[in-house]
Every structure is written in C-alpha cells, then in structure tokens.
Amino acid sequence: MLITPRRDNLNKIVILNPKGGCGKSTLATNLAASYARRGPTPAIMDYDPQGSTTGWLERRPDDLPNIHGIAAYKKSMQATRSWQLRVPNDTVNLLVDSPASVDHNDLRELTRDSTSILVPVLPSSMDIHAASRCIADLLLVAKVDRRDRKLAVVANRTRKNTKSFAKLMRFLDSLGIPIIAVLRDSQNFVHAAEKGVGLCDMQPSRVRQDVEEIEKIVSWLDAWPERRRSSKSVTSINKQTTRRSILRRPSFGSA
Ligand SMILES: Nc1ncnc2c1ncn2[C@@H]1O[C@H](COP(=O)(O)OP(=O)(O)O)[C@@H](O)[C@H]1O
Ligand SMILES: [Mg+2]
C-alpha cells in the first residue's frame, strides 16, 4: 500500500500511466528542473522500484538548482515510513512519479489530494488503448471528477498528423480531457536523462522547441488554484455522461 503526503496548499502533481516507457520519469524530471530553475526548491517523490528519477537526481550536477528527492520506493529499516516520506515544509511543488503497476487502492492513494494528474501517452494504438484504460480507472475507480479539471494528457514522442493521434484527440474531447502539450521524439530528452539535467538546463538554441512544450505544461499546472475555483462553480454536468462515454470506447486504428 502506497502512502502519499497530505498538506494544504501543496501542489501535488501526479504523473501516471501503467504503461512502462511512456515518459512518466521524463516528464517528472523535466518539470522538476523547470520548477527548480524558477524556485522555490521542488520535490520529486519516486514510487517506481526502478528508481529512474532517483538515479537522475544522483547524476544531477551540483551547480544546478536543487531538487529535493524522496526515494519512496525504498523501505528504510532505520526510519519510520512517515519520516522517510517527509516533504520539506517549504516545498510548494511536489512531483509524484508512479510505478508501472498500480492497483486500485494505490491509484486512489496516489491521486488523493492531488492538484493535477498528468497522463503521458505514446502514439501507438496499443499505448492509446492502455491510456484510455488508465483514464477510465481514474474517473471510475479513483473517482476523479472531470469537473475538477485536474486531469490532462501529454502526448509524448508524437507526430501530430497520425490517425491514432486524431482518434486519441476525439476520445479525450468527448470526455473533456485536454491534451496540454505534444512532445516530439527527440534525443534531447535522452541526453538530459543521462546527464541528470532538464531540457531547461541545456543550451537554449538546441532545445527551444521542446522547452516551449514543457513550459506549456508548467503554465497549465500553475493554474491549479483557478481550475479548482472554477470547478466549484460548474454544477450541471451529468456524471452519467462520463460513465457512458468511457464505456463506449473508440476502436483505435494503427498509427
Ligand atoms: N520525447 C522523447 N523523445 C525521445 N526519447 C524519450 C522521450 N520521452 C522519453 N524518452 C525516452 O524513453 C525512455 C522511457 O521514458 P521514461 O520517462 O523512463 O518512461 P516511464 O517512466 O514511463 O517508464 C527513456 O529512455 C527516455 O529517455
Ligand atoms: Mg519511470
């Protein structure tokens, strides 16, 4: 059973999709690097036993802005669990990187008190199917309410004009879930991961296009207080619409 922190005004951003390799750690590290550059020091909570985010932090050069790392997947014998998972009091932005397999209880725990949930999706039809299952679980099992507008998709390693991308767009549109950024397939992400840096820490002329997309995600994340306020004022959406539109999933063609 996973345990995640609770605190008022903690911007808890959860990145999840049970599909391995879809870009969860890539998103977590790049968003953390952007927040670190802007300040105050963000935190990353790494729940994936593969420890990719923790490894990335260990490789991070000392002269770059600090990021607080919490290796939540490790079970320490020396410390209590709550001490081990402690988020520093001055942390404003917390990124939660999740593992490949998450059962229903863990899904509920991971998303509890989250301000934003990001689902990275690769463009293949298999990945889009997996993502639609993940979104269905978020809405029906974790009871994420679409009216809260906390759920968004990031299309990763994507070419916009493919058939499967168009179908993903239509499916998400019918649920009212936005695709807030489209990250291209670029070696910049691979180099950044190897060096323990974010794209925002790399030479601007090389990464401008990719950084612009990351910044779109940051802007959407930053708007969580407004999203929360406006969600409280929307009352007329029928919850049954969610259930019906999810159960009537589209059949995705090949990319
Ligand atoms: N947009 C991208 N372009 C190129 N390579 C990418 C991109 N996003 C992720 N990768 C690479 O794909 C692999 C899997 O990404 P990762 O973020 O570790 O996925 P996950 O955490 O979901 O398992 C990594 O080697 C990563 O560097
Ligand atoms: Mg990962």
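Above this note sits the structure.
Just so you know, these numbers come straight off a predicted model, no measurement behind them. (Residues numbered from 1 in each chain as written. Chains lettered and ligands numbered in written order. Predicted model: local features only at pLDDT ≥ 70, side-chain atom pairs only at ≥ 80, totals over all residues.)

Asker: What is the right way to read the overall build of the protein from this model?
Answerer: For the protein, the count of helices and strands is ten helices and seven strands. Buried residues in the protein amount to 37% of all 255 residues. Across the protein, contacts joining residues at least 24 apart in sequence account for 81% of those joining residues at least 6 apart. (Helix = DSSP H or I, 4+ residues; strand = E, 2+ residues; numbered from the N terminus. Buried ≥ 20, exposed ≤ 12 C-beta atoms within 10 Å, placed from the backbone. Contact = placed C-beta atoms within 7 Å.)

Asker: Would you mind showing me how to read the sheet that holds strand β7 (residues 179-182) here?
Answerer: By way of backbone hydrogen bonds, the strands of a sheet pair with one another, either parallel or antiparallel. Strand order across the open sheet formed by seven strands is β3-β2-β4-β1-β5-β6-β7, with parallel pairing between neighbours. A strand with exactly one partner marks an edge of an open sheet, and here the two such strands are β3 (68-70) and β7. When the angles between neighbouring strand axes are averaged without regard to direction, this sheet yields 20 degrees. Bridging between strand β1 (residues 11-15) and strand β4 (residues 93-97) involves five bridges; their strand directions are parallel. Looking at β4, one finds that Lys12 is bridged to Leu94. Those strands touched by helix α2 (residues 52-59) are β2 (43-46), β3 and β4, and its axis lies near 135 degrees from that of β2. (Pairing = 2+ DSSP bridges. Axes fitted to C-alpha atoms, helices over the stretch in contact; angles between N-to-C directions.)

Asker: Would you explain α2 in this entry?
Answerer: The periodicity of an α-helix, 3.6 residues per turn, causes residues three or four places apart in sequence to face the same way. Taken as a whole, α2 has its buried residues at Thr53, Thr54, Trp56 and Leu57. Buried residues of α2, seen end-on, are gathered within an arc of 160 degrees and therefore sit on one face of the element. Exposed side of α2, more than 90 degrees from the buried face: Glu58 and Arg59 are the residues found there. Structurally, α2 contributes buried residues whose contacts are with α1 (24-38), β2, β3, β4 and α7 (187-195). (Arc of directions from axis to C-beta.)

Asker: Please clarify how the site of ligand 1 should be interpreted in this entry.
Answerer: The immediate surroundings of ligand 1 are formed by 16 residues, with Gly23, Lys24, Ser25, Thr26 and Phe189 found nearest. Where the shell around ligand 1 is concerned, the elements lending two or more residues are α1 and α7. Taken together, the residues of the shell around ligand 1 sort by class into five nonpolar, eight polar and three charged. (Near = placed C-beta within 6 Å. Nonpolar A, V, L, I, M, F, W, Y, C, P; charged D, E, K, R; others polar.)

Asker: Looking at this structure, I do not really get the packing of α1 against helix α8 (residues 204-222). What am I missing?
Answerer: When two helices pack together, their arrangement is captured by the angle between the axes and the distance separating the axes. Relative orientation of the contacting elements α1 and α8 amounts to 75 degrees, with a least axis distance of 10 Å. Relative to α8, the element α1 lies roughly perpendicular. Each of Asn30, Leu31 and Ser34 in α1 lies in contact with α8, whose residues at this interface are Ile214, Ile217 and Val218. Looking at side-chain class alone, the contact of α1 with α8 contains four nonpolar, two polar and no charged residues. (Parallel < 35°, antiparallel > 145°, perpendicular 65-115°, else oblique.)

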